[in-house]
Amino acid sequence: MIKGLYRSGSAMLPRIKQQETIANNLANASTAGFKKDMVFTQELTRAQAKNKPRQTDWETPMIDQVYTQYSQGDLDQTGNPLDLALEGNGFFVVEAEDGTPVLTRAGNFQVDRNGFVVNPEGQRLLSEGGPINIAEGAGEVSISENGQVEVAGDVIANVRVVTVEDPTQLKKAGNSGFALPEGSDPIPAISFAIRQGYLEHSNVETIKEMVEMIISFRNYEASANALKVQDDSLDKLLTNVARIR
């Protein structure tokens, strides 16, 4: 009986995490460059569980991990010369307030009052030589597929595009940014093309996420009902034992 209570209760926990993850994906479905998260839950076999001590023989350890899916989102033509989309691998690099680099696929940039190219959070877009500055009224801005920035025909910078050896080590920073693991450095990206005047949508499929949310809730509901039935049975058992005594 207690074993059944434990199993039903532990089956509910991953569903809660999945509901939270899907809700966040749906909330950011229209966020440029957002990459959706998914929940991976695995039941360990006895052999795999040897490294994870059990309190009893009937406990079943679970791995409950959230990981990010980095698949390409659809590109939407906006016509804004400072809207940039990455086609292929890689990330733009912006500078956080503390000076640390943040990787992002969101290319909705603008020029601030000091002439720097920034994202909506005010983080400056970086080139190989530092933040990119475009003087106000300097002329037409043109950005090539390989990131070369020209203003009124003069080359002023090259947009920095990088990648990492293991994307699973990246940690989300904000809605569409990724922080590098401590002590690691990005490497220059190769297989990419910058599309000026385009934005990359999130890779969230709204209908699919809603279906997954319904399925997850039904699974949670089934485990909750099983837990209630077992709890009621245990209560009746204890009550009857007390009466006999």
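Everything below is about the structure shown above.
Looking now at the overall build of the protein. Secondary structure assignment for the protein yields two helices and 19 strands. Counting across all 245 residues of the protein, residues that qualify as buried make up 36%. Of the contacts formed within the protein by residues at least 6 apart in sequence, a portion of 65% connects residues at least 24 apart. For the protein, the exposed area adds up to about 14600 Å²; of that, 50% sits on carbon and sulfur atoms.

Here the focus is empty space enclosed by the protein. Per the counting criterion, the structure on display carries one cavity of 30 Å³ or more. Size it by volume and the largest cavity reaches roughly 30 Å³. Forming the walls of the largest cavity are L82, V117, L125, I132, I134, V141, I143 and V149. Here the lining of the largest cavity is built from residues that sort into eight nonpolar, no polar and no charged.

One can find G129 in the loop between β9 (124-127) and β10 (130-131). The class of G129 is exposed, set by a relative accessible area of 79%. Between the C-alpha atom of G129 and that of V159, which follows or precedes it by 30 residues, the distance is 9.3 Å.

What follows covers the pairing of β9. Along any regular strand, the residues point their side chains to alternate faces of the sheet. In this sheet, β9 lies alongside strand β5 (residues 91-95) in antiparallel orientation, the contact comprising two bridges. When the bridges of β9 are listed, E95 appears paired with R124. As paired strands, β9 and β10 are joined by two bridges and run antiparallel to one another. The partner of L126 across the bridge, within β10, is P131. Where β9 folds back on β10, the antiparallel hairpin that results is connected by two residues.

The next point concerns the pattern of salt bridges. Considering all chains together, one arrives at six salt bridges under this definition. K35 is the partner of E200 in a salt bridge, and the nearest nitrogen-oxygen pair spans 2.5 Å. In this pair, E200 is assigned in strand β19 (residues 198-200) and K35 in the loop between α1 (2-27) and β1 (37-43), connecting sequence segments 165 residues apart. Looking at E200, the relative accessible area reads 1%, which means it is buried. Looking at K35, the relative accessible area reads 1%, which means it is buried. In the salt-bridge network here, residues are joined through shared partners; they are K35, R105 and E200.

All right, on to the sheet that holds strand β13 (residues 154-158) then. Taken together, the three strands give an open sheet; going across it, the order is β11-β12-β13, and neighbouring strands pair in antiparallel fashion. The strands lining the two open edges of the sheet, one partner per strand, are β11 (141-143) and β13. Across the sheet, the mean angle separating the axes of adjacent strands is 25° when strand polarity is ignored. The pairing of strand β12 (residues 148-151) with β13 spans four bridges and is classified as antiparallel. By the bridge assignment, V149 is partnered in β13 with A157.

What follows covers the environment of I134. If you trace the backbone, I134 turns up in the loop between β10 and β11. You can call I134 buried: its relative accessible area is 7%. Among all residues touching I134, those that are not within four sequence positions of it are L82, V111, G115, V117, V141, V151 and I156.

Size it by volume and the largest pocket reaches roughly 280 Å³. Taken together, 16 residues form the lining of the largest pocket, with N119, E121, N175, S176 and G177 sitting closest to its centre. Here the lining of the largest pocket is composed, by residue class, of six nonpolar, nine polar and one charged.

Applying the stated criterion across every chain yields a total of four aromatic pairs. Relative to F178, the ring of F91 lies with its centre 5.8 Å away and its plane at 65°, an arrangement referred to as edge-to-face. Separated by 87 residues along the polypeptide, F91 in strand β5 and F178 in strand β16 (residues 177-179) bring together distant segments of the chain. The buried category is assigned to F178, whose relative accessible area is 1%. Their ring planes at 85° and their centres at 5.7 Å tell us that F92 and F109 sit as a pair that is edge-to-face. With F92 in strand β5 and F109 in the loop between β6 (101-104) and β7 (110-111), this residue pair connects regions lying 17 residues apart in the sequence. The two residues F92 and F109 agree in class, both being buried. One aromatic cluster is present, built from ring pairs that chain together Y70, F91 and F178. Against the face of F116 rests R124, its NZ or CZ located 3.7 Å from the ring centre.

The rules behind these values
- The residue count restarts for each chain, going from 1 along the sequence in the order it is written.
- Side-chain atom pairs in this predicted model are given and counted only at pLDDT of 80 or more, local residue features only at pLDDT of at least 70, and totals for whole chains, interfaces and linings cover all residues.
- To obtain the side-chain values, all non-hydrogen atoms of the structure were used and water was disregarded.
- Helix and strand assignments follow DSSP, with helices taken as H or I runs no shorter than four residues and strands as E runs no shorter than two, numbered in order from the N terminus.
- Note on exposure labels: buried denotes an accessible area under 20% of the residue type's maximum, exposed denotes more than 50%, and partly exposed covers the range between, all computed with a 1.4 Å probe on protein chains only.
- What makes two residues a contact is simply this: any of their non-hydrogen atoms within 4.5 Å.
- Methods summary: accessible areas were calculated by the Shrake-Rupley approach with a probe of 1.4 Å, and residue burial reflects only the protein chains presented.
- A cavity here means a set of points on a 1 Å grid, drawn over the protein atoms and nothing else, where a 1.4 Å probe fits but cannot get out; a pocket is an open set with protein on both sides within 12 Å along at least five of seven lines, and a residue lines either one if it has an atom within 4 Å of a point.
- Grid points are joined across faces, edges and corners, and a volume is the space filled by probe spheres set on the points.
- Three residue categories are used. Nonpolar comprises Ala, Val, Leu, Ile, Met, Phe, Trp, Tyr, Cys and Pro, charged comprises Asp, Glu, Lys and Arg, and polar comprises the others, including Gly.
- Strands pair, by our definition, only if DSSP identifies at least two bridges between them.
- For this document, the term salt bridge refers to a Lys or Arg side-chain nitrogen within 4 Å of an Asp or Glu carboxyl oxygen.
- An axis is simply a line fitted to the C-alpha atoms; with a helix, the fit covers only the stretch in contact. Between two such axes, the angle follows the N-to-C directions and lies from 0 to 180 degrees.
- Classification of ring pairs rests on two measures: the distance between centres of Phe, Tyr or Trp rings, Trp counted by its six-membered ring, which must be within 6.5 Å, and the angle between planes, read as stacked under 30 degrees, edge-to-face over 60 and tilted in between.
- For a ring to carry a charge above it, either NZ of a lysine or CZ of an arginine must fall within 6 Å of the ring centroid while also lying within 35 degrees of the normal to the ring plane.

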